[in-house]
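# Architecture and fold: a report
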Amino acid sequence: MKSFTRAVILAVILSSCNEKKLIEVEVPLPEKEVKAALSSPDDVRAEPGTFELAKLPYAYNALSPSIDASTMENHYSKHYLTYTNNLNKAIKGTEMEQLTIEEILKKASSADENLRNNAGGYYNHSLFWEIMGPKGGGQPKDTLALAISRDFGSFENFKNEFSNQATAVFGSGWTWLSVDKAGKLQISTTPNQDNPLMPGVSVSGTPILALDVWEHAYYLQYQYRRRNYINAFFEVINWQKVNEKYEEAIKK
């Protein structure tokens, strides 16, 4: 809504003859619309349980204009928080309370949709926050750059294939760059909150890069233009962190 520099108010003035007259009084208004202050990601707390929220390593507005602050706040403090709380409820009182999230995912069959969706939602988002940053973008370096050239021919080839697969996801899901058992990089997609660590997926491996293509990840800013969101994602990827995850994966 546009702001106005002044408003006109009708005031009632009594004349000496006790007759009522209306006059216009100009009252200055703020030049800019006042917006509600953003909360801090540090204020978000999960309910007591085995797994805690992964700390968001930057402010909600740090990835703007690629990903706007409102989307980040809603995504982290609402969606991610809900998956975390529901995961803790799903495993409470079971042997899975003693497992790592990766161990839980490897046991999360499609027979238990509640566990699979919430464990995936927790892990997927935790990785998503970590591999982005306010000084991201550009291209990977070091060992990851060599591996991308080896397995995709060039960074541009990789980016095009990753973007095309992300664009083609029907409905809600994720797009991944993973390291398979042979140490080769693989691009894949999964529906819902599935990921390459789970049983029954088309491409298995260790995820090192994740892109959320659920509508809640981009619709406030990009509406139906998912491809614009995907292009913007490449402007905030923290390739140093992705390279670290790649080097960890090939050591296993």
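So, a few notes on the structure that sits alongside this text.

Here we take up the overall build of the protein. Within the protein one finds 8 helices and 5 strands. From first element to last, N terminus to C terminus, the protein shows the α and β order β-β-α-α-α-α-α-β-β-β-α-α-α. Relative to its full complement of 252 residues, the protein shows a buried share of 43%. In the protein, 64% of the contacts between residues at least 6 apart in sequence involve partners at least 24 apart. On the protein, roughly 14,200 Å² of surface is accessible, and the fraction owed to carbon and sulfur atoms is 51%.

On to the side chain of threonine 175, then. For threonine 175, the position within the fold is in strand E3 (residues 173–179). You can call threonine 175 buried: its relative accessible area is 0%. In this structure threonine 175 touches Phe162, Gln165, Ala166, Val169, Ile187, Ser188, Thr189, Leu209, Ala210, Leu211 and Val213, once residues within four positions along its chain are discounted.

Another aspect to go through is the layout of surface pockets. Leftover empty space is mapped by rolling, across the atoms, a probe with the size of a water molecule. Computed from the structure, the largest pocket encloses a volume of approximately 650 Å³. Lining the largest pocket are 28 residues, with Tyr123, Leu197, Thr206, Pro207 and Lys252 positioned closest to its centre. Of all elements in the fold, only helix H2 (101–107), helix H3 (113–130), strand E5 (206–212) and helix H8 (239–251) reach the threshold of two or more residues within the lining of the largest pocket. In terms of residue count, H3 provides more of the lining of the largest pocket than any other element does, 6 residues in total. Residues of the lining of the largest pocket, tallied by class, amount to 14 nonpolar, 5 polar and 9 charged. By volume, the second largest pocket amounts to about 190 Å³. Around the second largest pocket, the lining is made up of 14 residues, and of these Val44, Arg45, Ala46, Glu52 and Leu53 lie nearest the centre. Its residues assigned to classes, the lining of the second largest pocket shows 8 nonpolar, 1 polar and 5 charged.

As a further point, take helix H4 (residues 142–152). Residues that lie three or four places apart on an α-helix share one face, since the helix turns once every 3.6 residues. Listed as buried for H4 are Leu144, Ala147, Ile148, Asp151 and Phe152. Burial along H4 is one-sided: seen end-on, the buried residues are contained in an arc of 100°. Turned more than 90 degrees off the buried face of H4, the exposed positions are Asp142, Leu146 and Arg150. Looking at the buried side of H4, the elements it contacts are helix H5 (155–168), E3, strand E4 (185–191), E5 and H8.

Moving on, we come to the nonpolar core. Met132, Phe158, Leu185, Leu209 and Phe233 are the most contacted members of the largest nonpolar core, which has 67 residues in total. Broken down by element, the residue count for this core peaks at 8 residues, all from helix H1 (residues 69–91). Those residues in contact with leucine 185 that sit more than four places away from it in its chain are Leu144, Ala147, Ile148, Arg150, Asp151, Phe152, Leu177, Ser178, Val179, Ile208 and Tyr246.

All told, the structure shown has 20 aromatic pairs when counted by the stated rule. Between phenylalanine 162 and phenylalanine 234 the ring centres are 5.8 Å apart and the planes differ by 90°, which places this aromatic pair in the edge-to-face class. Here phenylalanine 234 lies in the loop between helix H7 (226–233) and H8 and phenylalanine 162 lies in helix H5, a separation of 72 residues in the sequence. One exposure class covers both phenylalanine 162 and phenylalanine 234, and it is buried. Aromatic pair phenylalanine 233 and phenylalanine 234: ring centres 6.0 Å apart, planes at 75°, arrangement edge-to-face. When its relative accessible area of 0% is taken as the criterion, phenylalanine 233 is described as buried. On the basis of relative accessible area, phenylalanine 234 is assigned to the buried category, the value being 4%. One residue, lysine 159, lies across the ring of phenylalanine 234, its end atom 5.2 Å from the ring centre.

Attention now goes to the environment of valine 203. Along the chain, valine 203 turns up in the loop between E4 and E5. Each C-alpha atom, one on valine 203 and one on aspartate 180, is 8.2 Å from the other, the two residues being 23 residues apart in sequence. Each residue touching valine 203, except ones within four places of it in the same chain, is listed here: Gln186, Ser188 and Pro196.

Each value, and the rule that gives it
- Residues numbered from 1 in each chain as written.
- Predicted model: local features only at pLDDT ≥ 70, side-chain atom pairs only at ≥ 80, totals over all residues.
- Heavy atoms only, no water.
- Helix = DSSP H or I, 4+ residues; strand = E, 2+ residues; numbered from the N terminus.
- Buried < 20%, exposed > 50% of the residue type's maximum accessible area, 1.4 Å probe, protein only.
- Contact = heavy atoms within 4.5 Å.
- Areas by Shrake-Rupley, 256 points an atom, 1.4 Å probe, with all protein chains shown as cover.
- 1 Å grid on protein atoms, 1.4 Å probe; cavity = no way out; pocket = protein on both sides within 12 Å on 5 of 7 lines; lining within 4 Å.
- Points joined across faces, edges and corners; volume = space filled by probe spheres on them.
- Nonpolar A, V, L, I, M, F, W, Y, C, P; charged D, E, K, R; others polar.
- Arc of directions from axis to C-beta.
- Core = buried A, V, L, I, M, F, W, Y, C linked by side-chain atoms within 4.5 Å.
- Phe/Tyr/Trp six-rings, centres within 6.5 Å; stacked < 30°, edge-to-face > 60°.
- Lys NZ or Arg CZ within 6 Å of the ring centre and 35° of its normal.

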